[in-house]
Amino acid sequence: MRRIPRLTRAAVGVASLALAATACGGTSSDSDSGAKGDKGLAIAYDIGGKGDQSFNDAAYAGLERAQKEFGYKTADIEPTEGETDADKEQRLASLAKQGYNPVIGVGFAYGPAMKAVAEKYPDTTFGIVDSVVEGKNTASLVFAENEASYLAGVAAAKATKSNVVGFVGGVDVPLIHKFEAGYKQGVKDTNPKVEVVSQYLTQTAEEGGFSSPDKGRAAAEGQIEKKADVVYQAAGLSGQGVIEAAAKAKVWAIGVDSDQYRQEALAAHKDYILTSALKDIDGAVFALAKSVEDGKPLTGTQTFDLKSEGVGLSDSNPKYAAVAGLTDAVAKAKAAIIDGSIKVKTE
């Protein structure tokens, strides 16, 4: 497996890698015109769409980078309410047929559709974020969310004064279990006396677990009532409600995927965003686009972890460094994960 380091805005060195996610609405850059050779990266969003200040927006940042660097036409397409795998398949096929290359499905929900479509368009490179899909022309962009979440757990254990911290997961699925597992382990390894209160918003994505700020807000309020003074969310758009509730109660929130302290839409609450568990989704999206542009498309499983700087923990909030022992504890834990001294659970 190739590991692609980048949590900064520096260019990704893809060329140096050994070569070894209905009809639909959305936005595009001249997506309905132009010759096949004029079109580049297209992304199909996960539930919550653009504007979630997290997962989908990180993918869009990668698309913007590619558009600026390569000067080609791009497309980014929104999901539809209550859509099926067939709808996703039609969306991906439409983008490939129009000549976009690569085509990336953002989120594990694109798995079945991508497998079917990639086989029909062998000359197009496909990518999927957060899932593994086998195929000669498919790149699976996966992350060690549990490792970043472990660091978030260390931060929570250092920041709590009540010895109760919370976790809000958007949907009760294996991917989000990885976030919870790493977080709980990081908390307990740092301070066994700290209690972790967990809640999942829904059992399925179709019920709005990743797209309902009101559900996130209610869950966080319930955990705060149980004395949680740090709440970590892995809930997509729903996580905005968690952050709002934490800020209103003047307790800490921990963001996810993007550095949510820096998100304009969350600026009113940023003083209470202690840190964020980062996933370099924009770097992964850009890396795949660059590999195609260079004529050496990435395929297979691309793993982004702490060692490759594909995941991490933000320290943008000045208050982060003011929490006693937090910076040193996180640095120590990161080093131990990278050298293998700490094995982070996924379940």
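Note that the structure is predicted; figures quoted are calculated from it, not measured.

**Q** Sorry if this is basic, but what is going on with the overall build of the chain here?
**A** Each helix and strand counted, the chain has 10 helices and 13 strands in total. When burial is assessed residue by residue, the chain has 59% of its 347 residues classed as buried. On the chain, roughly 14000 Å² of surface is accessible, and the fraction owed to carbon and sulfur atoms is 49%.

**Q** Which parts of the structure should I look at to understand empty space enclosed by the protein?
**A** Leftover empty space is mapped by rolling, across the atoms, a probe with the size of a water molecule. Within this model, the largest cavity holds a volume of roughly 160 Å³. What lines the largest cavity is a set of 16 residues, among which F55, I176, F210, G236 and D257 lie closest to the centre. If you list the elements that add at least two residues to the lining of the largest cavity, you get α1 (55–70) and α5 (174–190). With three residues, α5 is the single largest residue contributor to the lining of the largest cavity. Split into classes, the residues belonging to the lining of the largest cavity amount to nine nonpolar, two polar and five charged.

**Q** Can you help me understand the sheet that holds strand β9 (residues 230–234) in this one?
**A** Strand pairing in a sheet takes place through backbone hydrogen bonds and is either antiparallel or parallel in direction. Strand order in the open sheet formed by six strands is β8-β7-β9-β10-β11-β13, and the pairing between neighbours is mixed. If you trace the sheet from one side to the other, it starts and ends with β8 (195–202) and β13 (311–313), each paired once. The average undirected angle you get between the axes of adjacent strands in this sheet is 15°. In this sheet, strand β11 (residues 273–279) lies alongside strand β10 (residues 252–257) in parallel orientation, the contact comprising five bridges. The partner of A253 across the bridge, within β11, is I273.

**Q** How do you make sense of the packing of aromatic side chains when you look at a structure like this?
**A** For the structure shown, the criterion picks out seven aromatic pairs. With a centroid separation of 5.6 Å and an interplanar angle of 50°, the aromatic rings of F70 and Y72 are classed as tilted. Each of the two residues, F70 as well as Y72, counts as buried. Look at Y183 and Y232: their rings are 4.9 Å apart centre to centre, the planes differ by 45°, and that puts the pair in the tilted class. Taken together, the positions of Y183 in helix α5 and Y232 in strand β9 put the pair 49 residues apart, joining distant regions of the chain. On the basis of relative accessible area, Y183 is assigned to the buried category, the value being 0%. Taken together, the ring pairs in this structure connect F167, Y183, Y200 and Y232 into an aromatic cluster. Seen from the ring of Y272, K319 lies directly overhead, with NZ or CZ sitting 5.7 Å from the centre.

**Q** Looking at this structure, how should I read the pairing of strand β4 (residues 103–106)?
**A** By the alternation rule, side chains of β4 split into V103 and G105 and I104 and V106, which are all buried. Both strand β2 (residues 39–44) and β4 contribute to a ladder of three bridges, which runs parallel. Bridging across to β4, A42 finds its partner in V103. For the crossover from β4 across helix α3 (residues 111–120) to strand β5 (residues 126–129), the handedness is right-handed.

**Q** I keep staring at the packing of helix α2 (residues 85–98) against α3 and nothing clicks. Help me out?
**A** How two helices sit against one another is set out by the angle between their axes and by the gap between those axes. Between α2 and α3, the shortest axis-to-axis distance is 8 Å and the interhelical angle comes to 35°. α2 and α3 meet at a crossing whose hand is right-handed. Taking contact as the criterion, the partners of D85, K88, E89, L92 and A93 in α2 are, on α3, P112, A113, M114, A116, V117 and K120. Of the residues contributing to the contact of α2 with α3, the split by class is seven nonpolar, no polar and four charged.

**Q** So what exactly am I meant to see when it comes to α1 here?
**A** In an α-helix, one full turn covers 3.6 residues, which means residues spaced three or four apart are oriented alike. End to end, α1 covers 23 Å across 16 residues, agreeing with the expected 22 Å (1.5 Å per residue, within 8%). Residues F55, N56, D57, A58, A59, A61, G62, L63, R65, A66 and F70 constitute the buried set of α1. Within two residues after α1, G71 carries a phi angle of roughly 65°, on the positive side.

The rules we used
- Residues numbered from 1 in each chain as written.
- Predicted model: local features only at pLDDT ≥ 70, side-chain atom pairs only at ≥ 80, totals over all residues.
- Heavy atoms only, no water.
- Helix = DSSP H or I, 4+ residues; strand = E, 2+ residues; numbered from the N terminus.
- Buried < 20%, exposed > 50% of the residue type's maximum accessible area, 1.4 Å probe, protein only.
- Areas by Shrake-Rupley, 256 points an atom, 1.4 Å probe, with all protein chains shown as cover.
- 1 Å grid on protein atoms, 1.4 Å probe; cavity = no way out; pocket = protein on both sides within 12 Å on 5 of 7 lines; lining within 4 Å.
- Points joined across faces, edges and corners; volume = space filled by probe spheres on them.
- Nonpolar A, V, L, I, M, F, W, Y, C, P; charged D, E, K, R; others polar.
- Pairing = 2+ DSSP bridges.
- Axes fitted to C-alpha atoms, helices over the stretch in contact; angles between N-to-C directions.
- Phe/Tyr/Trp six-rings, centres within 6.5 Å; stacked < 30°, edge-to-face > 60°.
- Lys NZ or Arg CZ within 6 Å of the ring centre and 35° of its normal.
- Right-handed = clockwise from strand over helix to strand, strands pointing away.
- Left-handed = near helix turned anticlockwise from the far one by under 90°.
- Contact = heavy atoms within 4.5 Å.
- Expected span 1.5 Å × (residues − 1).

From the geometry alone we can't say anything about function, so treat these as descriptive.
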